[in-house]
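One-letter residues, chain by chain:
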Amino acid sequence: MSIPRRTVLLAAGVIAPVLIAPSRLLRAGAAIEVAMQGNLNGGYVWFDPIGLHIMPGQTVRWFNHDPGNAHTATAYHPTNYQRPRRIPETAQPWDSDYLMPGETFSFTFEKEGVYDYFCVPHEQAGMVGRIVVGSPKDTAWKNDADLPKAALNAFPSVHDILARGRIHAEMAQ
Amino acid sequence: MKKALSLASALLASVSLTAFAGSADKSIVKSPPASPYQQVSKLVPLPDFLPGMGQLFVDPATLPAGPFLAYDHDKKLVSTIYMVPLKDINPNNSFDNLSAPGGNVDHVDVYYNAGHPGVGEPHAHIVMWHIPANKESRVAK
Ligand SMILES: [Cu+2]
């Protein structure tokens, strides 16, 4: 009549992984969220996590959790406001455009490499993020001088991102 | 930042002396204020009601400094706000004769803001409240 509890657990533990194991399904799994945040008077704005390590094929979803401001997630690339390129040469640039509170934007990363991005109204205030896809060999950009100091100083190192998986912004801790 | 804010305070002192006396311009005490003021959320992508400030209107010709007029949920004027980019506080620049149509000022807040659509760079908010500090909750959210 009723299946013994242990059997259920075994079934869940053994059969389930077999069902969802194909790598394509894993790759298509839930997007990894990066929150857009701000404090009450708008003095602090940030991405959380600010540094993130993912694998090729994974999707990142930016979510504006700031009730009092609009934010963007915009790749450093000449097609975006003529900003310097800080994504792999052959990678597709993205620009979420302005996200109002509660809005989201998703982007799937296919190519291994380091991807730097910024928030259009907050680049000067240092609202930037870095995503490392896979295990890239070339990890240094040569156009640091073209960025606002506050933005440049905010990036976590590729080394730390690879070591820790995700890095939270100072304000988020 | 501290330095920038004290500069902003000095600037405030120079622009706002005329605002502390007199009553409000009738055409702006209720939302929406008369032209040339326009709803900020229709000019730039921002929420219509900003927590802590209220519903904002501005004459686009006066950007970025403003004044911005802020209203509560009952459409009553609560504050007049100036937004002054930190980089514009320098020896070669000044903001002269900014209008102050809101009438009596109860108290003033000056604080740093990282930026938002419309003023996309770090700036000081100089908020001249027309209501007492203990009534600011009217625009808390
Ligand atoms: Cu932002």
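The preceding data block contains the structure.
Calculation rules
By convention here, each chain's residues receive numbers from 1 onward along its written sequence. Chain labels run from A onward and ligand labels from 1 onward, assigned in the order the entries are written. Predicted model: local features are reported for residues with pLDDT of at least 70 only, side-chain atom pairs are reported and counted for 80 or more only, and whole-chain, interface and lining totals are derived from all residues. Hydrogen atoms and water are omitted, and side-chain values are computed over all heavy atoms in the structure. Two strands qualify as a pair provided that DSSP identifies no fewer than 2 bridges between them. Put simply, DSSP H or I for four residues or longer makes a helix, DSSP E for two residues or longer makes a strand, and each gets a number counted from the N terminus. The convention used is that axes are lines fitted to C-alpha atoms, helices contributing only their stretch in contact, and that angles between N-to-C directions extend from 0 to 180 degrees. The contact criterion used is simple: two residues touch if any of their non-hydrogen atoms lie within 4.5 Å. Buried area is a sum: the accessible area each of two parts loses on coming together, probed at 1.4 Å, counted once for each and added. Salt bridge criterion: a side-chain nitrogen from Lys or Arg within 4 Å of a carboxyl oxygen from Asp or Glu. Side-chain classes are defined by residue name, with Ala, Val, Leu, Ile, Met, Phe, Trp, Tyr, Cys and Pro counting as nonpolar, Asp, Glu, Lys and Arg as charged, and the others, Gly among them, as polar. Think of it in three bands: residues with accessible area under 20% of the maximum for their type are buried, residues over 50% are exposed, and the middle band is partly exposed, with areas taken using a 1.4 Å probe on protein chains only.

**Q** I'm lost on the sheet that holds strand S4 (residues 59-64) of chain A in this one. Help?
**A** Within a beta sheet, neighbouring strands are joined by backbone hydrogen bonds and run either parallel or antiparallel to one another. Residues and elements named next belong to chain A. With respect to topology, 4 strands assemble into an open sheet ordered S2-S1-S4-S6, the strand pairing being mixed. Each end of this open sheet is capped by a strand with a single partner; those strands are strand S2 (45-48) and strand S6 (104-108). On average, each strand axis in the sheet is tilted by 20° relative to the strand beside it, whichever way the strands run. As paired strands, strand S1 (residues 32-38) and S2 are joined by 4 bridges and run antiparallel to one another. Bridge pairing links Gly38 to Val45 in S2.

**Q** Just to check I follow, could you spell out the interface of chain A and chain B for this structure?
**A** By a widespread convention, an interface's size corresponds to the accessible area lost as its parts come together. Across the contact, 16 residues belong to chain A and 15 residues belong to chain B. Between chain A and chain B, the buried area comes to about 1200 Å², and carbon and sulfur atoms account for 66% of it. Ranking the residues of chain A by area buried against chain B places Asn41, Met100 and Pro121 of chain A at the top, with a combined share of 29%. Between chain A and chain B we count 0 salt bridges in total. When the residues that make up the side of chain A that touches chain B are grouped by side-chain class, the tally is 9 nonpolar, 7 polar and no charged.

**Q** Whenever I open this one, the pattern of salt bridges confuses me. Can you help?
**A** Should their charged atoms come close, side chains of opposite charge can pair. Residue and element names in this part refer to chain A. The full count for this structure, using the stated rule, is 8 salt bridges over all chains. The partner of Glu123 in a salt bridge is Arg83, and the shortest N-O contact between them spans 2.6 Å. Of the two residues, Glu123 is situated in the loop between strand S7 (113-118) and strand S8 (128-133) and Arg83 in the loop between strand S5 (74-75) and S6; the sequence distance between them amounts to 40 residues. Given the relative accessible area of 7%, Glu123 is considered buried. Asp116 is the partner of Arg130 in a salt bridge, and the nearest nitrogen-oxygen pair spans 2.7 Å. Of this pair, Arg130 sits in strand S8 while Asp116 is found in strand S7, placing the two residues 14 residues apart along the sequence. For the pair Arg130 and Asp116, one class covers both residues: buried. The structure contains a network of salt bridges with shared partners spanning Arg86, Asp116, Arg130 and Asp144.

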